[in-house]
Amino acid sequence: DDVTFVYALRSGDYIKIGVAKTVDQRVKTLQTGNPTPLKIHHTEPVPEHRVRILERKLHTELGYLRLKGEWFDLTPDRAVSMLKFAIVRWLDDPLL
C-alpha cells in the first residue's frame, strides 16, 4: 500500500492540516506564497486509500477552529493530539 502523510504545518500562531506524498516539497510550494516561515510540526503516515477520509474527519472535528480552508487556530500540541486521535479513532473504521 502506498503511504501519504497527514501533516500539521505551523505558520506563526496558525496550523495547516493537510495531506501530501512529500511533505518537504509541499512546504516549499506553500512557502512561496507565505511571508511567514513555515515549519513542519508533525506528520503521520497513512495508507493512501484512507488519507482523504482521515483529513476530512479532522477538518470536520476542528471546524469550529477553522480560519480559512485548511488553516486552524489551534496550538501545535493540540494539532498533534488531534492527528494521533484521528489515527486511532478513524484509520480502520469500516463505516467511513
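Below, the structure is looked at part by part. (Residues numbered from 1 in each chain as written. Predicted model: local features only at pLDDT ≥ 70, side-chain atom pairs only at ≥ 80, totals over all residues. Heavy atoms only, no water.)

## Considering the overall build of the protein chain
Thought 1: In terms of regular secondary structure, the protein chain is built from three helices and five strands.
Thought 2: The order of α-helices and β-strands along the protein chain, N terminus first, is β-β-α-β-α-β-β-α.
Thought 3: Taking 96 residues into account, the globule formula puts the C-alpha radius of gyration at 12 Å, and the protein chain, at 13 Å, falls close to it.
Thought 4: By principal-axis analysis of the C-alpha atoms, the protein chain measures approximately 40 × 30 × 20 Å.
Thought 5: A burial count over the protein chain gives 43% of its 96 residues as buried.
Thought 6: Look at the contacts in the protein chain between residues 6 or more apart in sequence, and 65% of them connect residues 24 or more apart.
Thought 7: Carbon and sulfur atoms make up 53% of the accessible area of the protein chain, which totals about 5,700 Å².
Thought 8: One finds the centroid of the 15 positive side-chain charges in the protein chain at a distance of 4 Å from the centroid of its 13 negative side-chain charges. (Helix = DSSP H or I, 4+ residues; strand = E, 2+ residues; numbered from the N terminus. Rg over C-alpha atoms; globule rule 2.2 N^0.38 Å. Buried < 20%, exposed > 50% of the residue type's maximum accessible area, 1.4 Å probe, protein only. Contact = heavy atoms within 4.5 Å. Areas by Shrake-Rupley, 256 points an atom, 1.4 Å probe, with all protein chains shown as cover. Lys, Arg positive; Asp, Glu negative; His and termini not counted. Charge placed at Lys NZ, Arg CZ, Asp CG, Glu CD.)

## Some words on the sheet that holds strand β3 (residues 38–47)
Thought 1: With antiparallel pairing, five strands are arranged side by side in an open sheet as β3-β1-β2-β5-β4. Lying at the two open borders of the sheet, with one neighbouring strand each, are β3 and β4 (66–68).
Thought 2: By the bridge criterion, two bridges tie β4 to strand β5 (residues 71–72) in an arrangement that is antiparallel. Looking across to β5, one finds that arginine 66 is bridged to phenylalanine 72.
Thought 3: Sitting on the sheet, helix α3 (residues 76–90) touches β1 (3–11), β2 (14–20) and β3, and the angle it makes with β3 is about 5 degrees. (Pairing = 2+ DSSP bridges. Axes fitted to C-alpha atoms, helices over the stretch in contact; angles between N-to-C directions.)

## Quick word on the environment of lysine 57
Thought 1: As for its placement among the helices and strands, lysine 57 is situated in helix α2 (residues 48–61).
Thought 2: Dropping the residues within four chain positions of it, lysine 57 is found in contact with Trp90 and Leu96.

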